[in-house]
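Chain by chain, the residues run as shown.
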Amino acid sequence: MKQPIRIEDEAQFLDPKLVKISHNQFAELQAELPDGSVHAPVEPVRTFPLTQPDQYISLLDAQKNELGLIEDINQLERADRTLLAEELKKCYFMPKITRIYSLEGQFGVTQWEAETDSGSVFFDLRSRNDITSLSGGRVLIKDIDGNRYEIVNYHQLDPKSIALLETQI
Amino acid sequence: MHSGGFSRRDMHRMARSTGRRSNARRPDAEMTILEEVPAALQRQLESVLEEKEDIKIAISTDLQFDGSYGKDWVLATEKRLLAFNQNGVPAPEVQNIALEAIDEIEIRELYGNNFMKVRTSEGAVEVARYSKRLAPKFAEATPEIETLIDKVKPEDAEKSKRHRKFVDPGKKKIRCETCGRPIPRWSDVCPNCVEKGKLLVRLLKYAIPFWKVSVPALLIMLVIRLVGVYPPILSKNLVDDILVPATMAMTGGQPVDPGAFGQLLTIVFMMVGAHVFTAVFSAVRGYMMTWVGQRITLTLRNDAFQHMSVLSLDFYQQRETGNLMSRITQDVGRLRDFIAEGLQDIIGDSMALVYMCIIMFVINWQLALWVLLPIPLIVLFSFYFGHKMHKVFHVLWRRYAGISTILASTIPGIRVVKAFTREKYEVDRFEEQTHQVFEGEMNAAKLWTLYQPIMTFLTYIGTVLIWLVGGRQILNGELTLGEIMLFMTYMTQFLQPVRTLAQMNRRFLRAATSAERVFEILDTPPSVASRKDAVDLPNMRGQVEFRDVFFSYDNEKNAINGISFTTKPGEMIGLVGHSGAGKSTLINLVTRFYDPNEGDILIDGHDSRDIELRSLRGQIGVVLQEPFLFEGTVADNIGYGKPDATRQEIIAAAKAANAHDFIIKFPDGYDTTVGERGARVSGGERQRISIARAILKNPRILILDEATSSVDTETESRIQEALGRLIQGRTVFAIAHRLSTLKHANRLVVLKEGTIDEIGTHEELIAKGGTYANLCEKQTELSKIRAW
């Protein structure tokens, strides 16, 4: 007789204390798993990149097969956590817009000039559909080239930025 | 952070102050892979480079390694690769890698940014981080750097072959080639670079054949407008020549001129005449122009659809169906409005204004100037208001679209909604959306309610001015009562044409973009077309040879990555592989829905590009996973590939396809209408109709794309039987996930990431114990489970 499915057992998380993260000689992320196997290069993937960037990190091997899930990177040892967080920061580049200097355009195409936590930036959108409005005033933007930007809570921007943004969302 | 030179923002400021901002950011200017190296970097280079060492490649990034925006550099000479990273303070950190040491250059494509990484035998370093905007530049530079490496490491030349990139001319543009601005997603043409004048000329060409109607219509319009300004003059005469003298006479105690009533009657008749004339000829003109407009629509629409049917699949692949449909329906309609109505309106309204101005200036130029005074205000206001209104309505329109979206997902999904008892969730979602519509409507209402009083007020200013200035002139004896009445009337008649003309700009722009969208269809050459010297191949034997074929849909990833094999005539080839392995792509190439980027496909020894398309496709039959039935009868659908098929042939084909039995059970038999997408016929039945269609066409090459995957086992065996008969004596390419479907196949081609992993007969591949054997084993296990 097979055991009935217990849904909480289905997602197998790696024991955070037994996962060792390092770099190999090719500057690739290397992971030692609880079973003692060592894998490189390892690609960390956020399973909830927008809502839970630090939780449920999937580790993929070179063939994109999942090696395992890390429930929360904060459960890792400090050194491992730092390395993993650094790699994630590289893999997911989404500057946060803090101010919109100008936003102009017509025919649905808009040119934006904005300040982000990575410096000021120009970018173009091809249509309003590239702006996603989430709850809590969160706004996600994907530009013409595929770059991503985020506004954490647009209600907290300065009035001019809000006025500019509200013409688009 | 910005240790060296200007920050990015400073540069933006400078670019802005020195002229048009777009110049500074024109992407094609950035696309060279030998950029000018700044002086500071040049000096540093001198200390690194040897004599006679030239910089071959110099590309800058737009990101630094810490994730802030900034410029780093990657340079390559014939000896080394250099990376300058601003993160080293005060001087940039320099990485100096000898080309001989480089094993591989890797591009890591990540979320929102990319990395360029250099791998040597000892280790690896990241040399550049850049945003997606620069991805094309780095993609172009990478093979160039590899070429430099190949020169110092000739033994590795083979290796870099897999990095080749194709430039596909059919690739959809995202930025305008002329001005560098983004092209709106719905448009495909740059609205900024649309040459409006040229477009207008081209549009008018469609009107020219109908000049015998449209020119008289225009003349009628000019006359109507002229007559239209006449009644106020009549009123003026009535007042000044008859009524006022009569009143004066009476107040002076003298008898009224006895002929006055006759004059009054004449004028009244003339007024009635003018109105009747205008009404009759407006109706005639309206009918004439509708005819012209509809004729233009007819021609344009048919031209566009005719050309669209010629265009290759990639054209359809790159565009949304809705987008293309709206071009044929809405855009063409908009053009009709513009040619038939817009242009004549503009001419007519301008003329009416000119007529009125002339009359007013002749009668009293000072008062005319006063009357015209509020006009610019009215124009400005209409213009501004139109703009605002457009914005508000656009938002509102989007919110209404949101309602449709919710309805479109919940109505067909109502079973799921109910099964998971999510009615309340859906209702809440709907209510939120309707609430937004409510708010949008109220915003629009706010504007409208403002508009009316302001417009009235602006007009009223004109009236008041006439009373004030004209009244004073009357007191001074410079103006008559009839004249002041004429001005009053003209003041009101002025408004409508002025408003129309104020909106003209947008009307014109819209028409221009619509025209461009329609003309884009007409101007796109099919990427797959018969060559001029293409030959007919009437009796194809069905030998297909792939010769080192490469193909990419998006020119980023190769869907077919070097495939070579030959089929014998009459051979059945089973294509096996994971989804995305390139099975369907291979078939798309055989049918010439696409042409390979590199390599050749030969049919009976002829390059497929040299064969007349009609002749080629006329001998290829296709049975797809989701067979597409057109609106029409069952018989129409079976005979689709052979329009001259007799009833007898259709029945024979249906019998061969095991379709006859169920068709005659329909009350209407072969005359049963199958709805759009064949909704009234089940999946297996549809499949058998499409097999009958293929049988009737009697193709030399047959393509079965997952023909049996969407039906139950019982139906599958019937279809299998039908297929077994169909494949006799033809070259067959069959894709199937269920390997049992491929039991008739002479050979199996196992594809993996666009290349041939294994090729051979079922027995050979099983004996080999590779991918195929593995797959077979799994499926056998699966079928056991199913049997159990």
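Engineer: Even after reading the chapter, I still don't get the overall build of chain A, so can you show me in this structure?
Structural biologist: Broken down by element type, chain A carries 3 helices and 12 strands. Against the globule reference of 15 Å for 169 residues, chain A gives a C-alpha radius of gyration of 20 Å, more extended than a compact globule. Each principal axis of the C-alpha distribution contributes one length, and for chain A these read about 60 × 45 × 30 Å. The buried share of chain A, reckoned over its 169 residues, is 46%. Expressed as a percentage of contacts within chain A between residues at least 6 apart in sequence, the contacts between residues at least 24 apart total 32%. Total accessible area on chain A stands at roughly 8,700 Å², and carbon and sulfur atoms take up 50% of it. Charged side chains in chain A number 18 positive and 28 negative. The centres of these two groups are separated by 2 Å.

Engineer: Got a minute to help me understand the sheet that holds strand β6 (residues 66-72) of chain A in this structure?
Structural biologist: Two modes of strand pairing occur in sheets, parallel and antiparallel, and in both the strands are linked by backbone hydrogen bonds. All names here are of chain A. Pairing in this open sheet of 3 strands is antiparallel, and the strands run β4-β5-β6 from one edge to the other. In the strand order of this sheet, the two ends are held by β4 (43-46) and β6, each with one partner. Going from strand to strand, the sheet's axes swing by 25 degrees on average, the running direction of each strand aside. Judged from the 5 bridges that link them, strand β5 (residues 55-60) and β6 form a sheet pairing that is antiparallel. Residue pairing for β6: isoleucine 57 is matched across the bridge by isoleucine 70.

Engineer: Hey, could you run me through the domain arrangement of chain A in this one?
Structural biologist: Interfaces are often sized by the accessible area lost when the parts come together. Split into domains, chain A comes out as domain 1 (7-91) and domain 2 (97-166). Measuring from the centre of the C-alpha atoms in domain 1 of chain A to the corresponding centre in domain 2 of chain A gives 31 Å.

Engineer: What am I meant to see in the pattern of salt bridges here?
Structural biologist: Pairs may arise between side chains of opposite charge once their charged atoms sit close together. Residues and elements named next belong to chain B. Evaluation of the coordinates by the stated rule reveals 26 salt bridges over all chains. For glutamate 106, the salt bridge identified is with arginine 119, shortest N-O distance 3.6 Å. Taken together, the residues span a long stretch of sequence, with glutamate 106 in strand β5 (residues 102-109) and arginine 119 in strand β6 (residues 113-120) at a distance of 13 residues. Here glutamate 106 falls in the partly exposed class, since its relative accessible area comes to 22%.

Engineer: Is there a simple way to explain the nonpolar core in this structure?
Structural biologist: Nonpolar side chains tend toward joint burial in soluble globular proteins. Residues and elements named next belong to chain B. Ile638, Ile663, Tyr670, Ile691, Leu704, Leu742 and Tyr772 are the most contacted members of the largest nonpolar core, which totals 45 residues. When residues in this core are grouped by element, the largest group, 6 residues, is from helix α23 (residues 683-697). Apart from the residues lying within four places of it in its own chain, the contact partners of tyrosine 670 are Thr633, Val634, Ala635, Ile638, Ile650, Ile651, Ala654, His660, Ile663 and Ile664. Core analysis: the next-biggest nonpolar cluster, separate from the first, contains 37 residues, Ala352, Ile359, Ile375 and Val437 among them.

Engineer: So what exactly am I meant to see when it comes to empty space enclosed by the protein here?
Structural biologist: Rolled over the atoms, a probe sized like a water molecule indicates the empty space that remains. Residues and elements named next belong to chain B. Inspection of every chain in the model, using the stated rule, returns 5 cavities of 30 Å³ or more. One number sums up the size of the second largest cavity: a volume of about 110 Å³. What lines the second largest cavity is a set of 14 residues, among which Met572, Leu704, Gln720, Leu723 and Thr741 lie closest to the centre. When residues of the lining of the second largest cavity are traced back to their parent elements, those giving at least two are α24 (713-726) and β17 (731-735). For the lining of the second largest cavity, the element with the most residues is α24, which contributes 3 residues. Taken together, the residues that form the lining of the second largest cavity break down as 9 nonpolar, 5 polar and no charged.

Engineer: Is there a simple way to think about the packing of aromatic side chains in this case?
Structural biologist: Any aromatic ring pair is given by two values, namely how distant the centres are and how the planes are angled relative to each other. Tallied over the entire structure, the rule returns 22 aromatic pairs over all chains. Ring geometry for Phe13(A) versus Tyr56(A): centroids 5.8 Å apart, planes at 45 degrees, classification tilted. Here Phe13(A), found in the loop between α1 (7-10) and β1 (20-23), pairs with Tyr56(A), found in strand β5; they are 43 residues apart in sequence, far enough to count as distant. Overall, the relative accessible area of 33% leaves Phe13(A) in the partly exposed class. Here Phe48(A) and Tyr56(A) contribute two aromatic rings whose centre-to-centre distance is 5.9 Å and whose plane-to-plane angle is 70 degrees, an arrangement assigned as edge-to-face. The exposure class assigned to Tyr56(A) is partly exposed, which follows from its relative accessible area of 25%. Here a set of aromatic residues connected by ring pairs shows up, and it is made of Phe381(B), Phe385(B), Trp448(B) and Tyr451(B). Its end group placed over the ring of Phe26(A), Arg119(B) keeps NZ or CZ at 4.7 Å from the ring centre. One Lys or Arg, Arg422(B), reaches over the ring of Tyr425(B) and ends 4.3 Å from the middle of that ring.

Engineer: Just to check I follow, could you spell out the interface of chain A and chain B for this structure?
Structural biologist: If you look at the interface, chain A gives 43 residues, while chain B gives 42 residues. Connecting chain A to chain B are 5 salt bridges. The shortest N-O distance in the salt bridge between Arg108(B) and Glu87(A) comes to 2.9 Å. Viewed at the interface, chain B and chain A are joined by 14 residue pairs in polar contact (both at pLDDT 80 or more). Secondary-structure elements contributing two or more residues to the side of chain A that touches chain B are α2 (78-91), β7 (97-106), β8 (109-116), β9 (119-125) and β12 (148-151) of chain A. Broken down by element, the residue count for the side of chain A that touches chain B peaks at 7 residues, all from β9(A). In terms of residue class, the side of chain A that touches chain B is built from 18 nonpolar, 12 polar and 13 charged.

Engineer: Got a minute to help me understand the environment of Pro209(B) in this structure?
Structural biologist: Within the secondary structure, Pro209(B) is located in the loop between α6 (196-207) and α7 (211-228). Its relative accessible area of 56% is what places Pro209(B) among the exposed residues.

Engineer: Teacher, can you tell me more about helix α11 (residues 321-363) of chain B here?
Structural biologist: An α-helix turns once every 3.6 residues. As a result, residues three or four positions apart point the same way. The end-to-end C-alpha distance of α11(B), which contains 43 residues, comes to 60 Å, matching closely the 63 Å that a straight helix rising 1.5 Å per residue would cover. Arg327(B) marks where α11(B) bends most, by close to 40 degrees.

Engineer: What should I look at first to understand the packing of helix α13 (residues 374-410) of chain B against helix α17 (residues 504-523) of chain B in this one?
Structural biologist: All names here are of chain B. Relative orientation of the contacting elements α13 and α17 amounts to 50 degrees, with a least axis distance of 10 Å. By the angle between their axes, α13 is oblique relative to α17. Across from Phe383, Gly386, His387 and His390 in α13, the residues of α17 making contact are Asn505, Arg506 and Arg510. Of the residues assigned to the contact of α13 with α17, the class counts are 1 nonpolar, 4 polar and 2 charged.

Engineer: Would you mind going over the confidence of the model for chain A with me for this structure?
Structural biologist: Detailed conclusions should not be drawn from predicted coordinates in areas where pLDDT is low. Looking at chain A as a whole, the pLDDT averages 87, with 96% of positions reaching at least 70. α1(A) is the least confidently modelled element of chain A, averaging 70 in pLDDT, while β12(A) averages 93, the highest of any element.

Engineer: I would appreciate a short explanation of the environment of Glu50(B) in the present structure.
Structural biologist: All names here are of chain B. Within the secondary structure, glutamate 50 is located in the loop between α4 (39-48) and β1 (55-60). Between the C-alpha atom of glutamate 50 and that of threonine 591, which follows or precedes it by 541 residues, the distance is 56 Å. In contact with glutamate 50, other than residues within four places in its own chain, are Lys79 and Arg80. Within polar-contact distance, the side chain of glutamate 50 engages the side chain of lysine 79 at 3.0 Å.

Engineer: What exactly am I supposed to notice about the pairing of strand β3 (residues 80-85) of chain B here?
Structural biologist: Consecutive residues of a regular strand have side chains that alternate between opposite faces of the sheet. All names here are of chain B. Across the 6 residues that make up β3, a large majority, 6, are buried. Residue alternation in β3 divides its side chains into two sets, Arg80, Leu82 and Phe84 and Leu81, Ala83 and Asn85, and both sets are buried. Looking at chain direction, strand β2 (residues 73-77) and β3 are connected through 4 bridges and run antiparallel. Bridge pairing in β3 places leucine 75 opposite leucine 82. A loop of 2 residues connects β2 with β3, the two strands running antiparallel in sequence. One ladder, built from 6 bridges, connects β3 with strand β4 (residues 93-98); its direction is antiparallel.

Quick notes on the rules
Residues numbered from 1 in each chain as written. Chains lettered and ligands numbered in written order. Predicted model: local features only at pLDDT ≥ 70, side-chain atom pairs only at ≥ 80, totals over all residues. Heavy atoms only, no water. Helix = DSSP H or I, 4+ residues; strand = E, 2+ residues; numbered from the N terminus. Rg over C-alpha atoms; globule rule 2.2 N^0.38 Å. Buried < 20%, exposed > 50% of the residue type's maximum accessible area, 1.4 Å probe, protein only. Contact = heavy atoms within 4.5 Å. Areas by Shrake-Rupley, 256 points an atom, 1.4 Å probe, with all protein chains shown as cover. Lys, Arg positive; Asp, Glu negative; His and termini not counted. Charge placed at Lys NZ, Arg CZ, Asp CG, Glu CD. Pairing = 2+ DSSP bridges. Axes fitted to C-alpha atoms, helices over the stretch in contact; angles between N-to-C directions. Domains from an automatic or database assignment. Salt bridge = Lys/Arg side-chain N within 4 Å of Asp/Glu carboxyl O. Core = buried A, V, L, I, M, F, W, Y, C linked by side-chain atoms within 4.5 Å. 1 Å grid on protein atoms, 1.4 Å probe; cavity = no way out; pocket = protein on both sides within 12 Å on 5 of 7 lines; lining within 4 Å. Points joined across faces, edges and corners; volume = space filled by probe spheres on them. Nonpolar A, V, L, I, M, F, W, Y, C, P; charged D, E, K, R; others polar. Phe/Tyr/Trp six-rings, centres within 6.5 Å; stacked < 30°, edge-to-face > 60°. Lys NZ or Arg CZ within 6 Å of the ring centre and 35° of its normal. Polar contact = N/O pair within 3.5 Å; in protein donor to acceptor, adjacent residues only side chain to side chain. Expected span 1.5 Å × (residues − 1). Bend = angle between axes of the 7 residues up to and from the residue. Parallel < 35°, antiparallel > 145°, perpendicular 65-115°, else oblique. pLDDT = per-residue confidence, 0-100.

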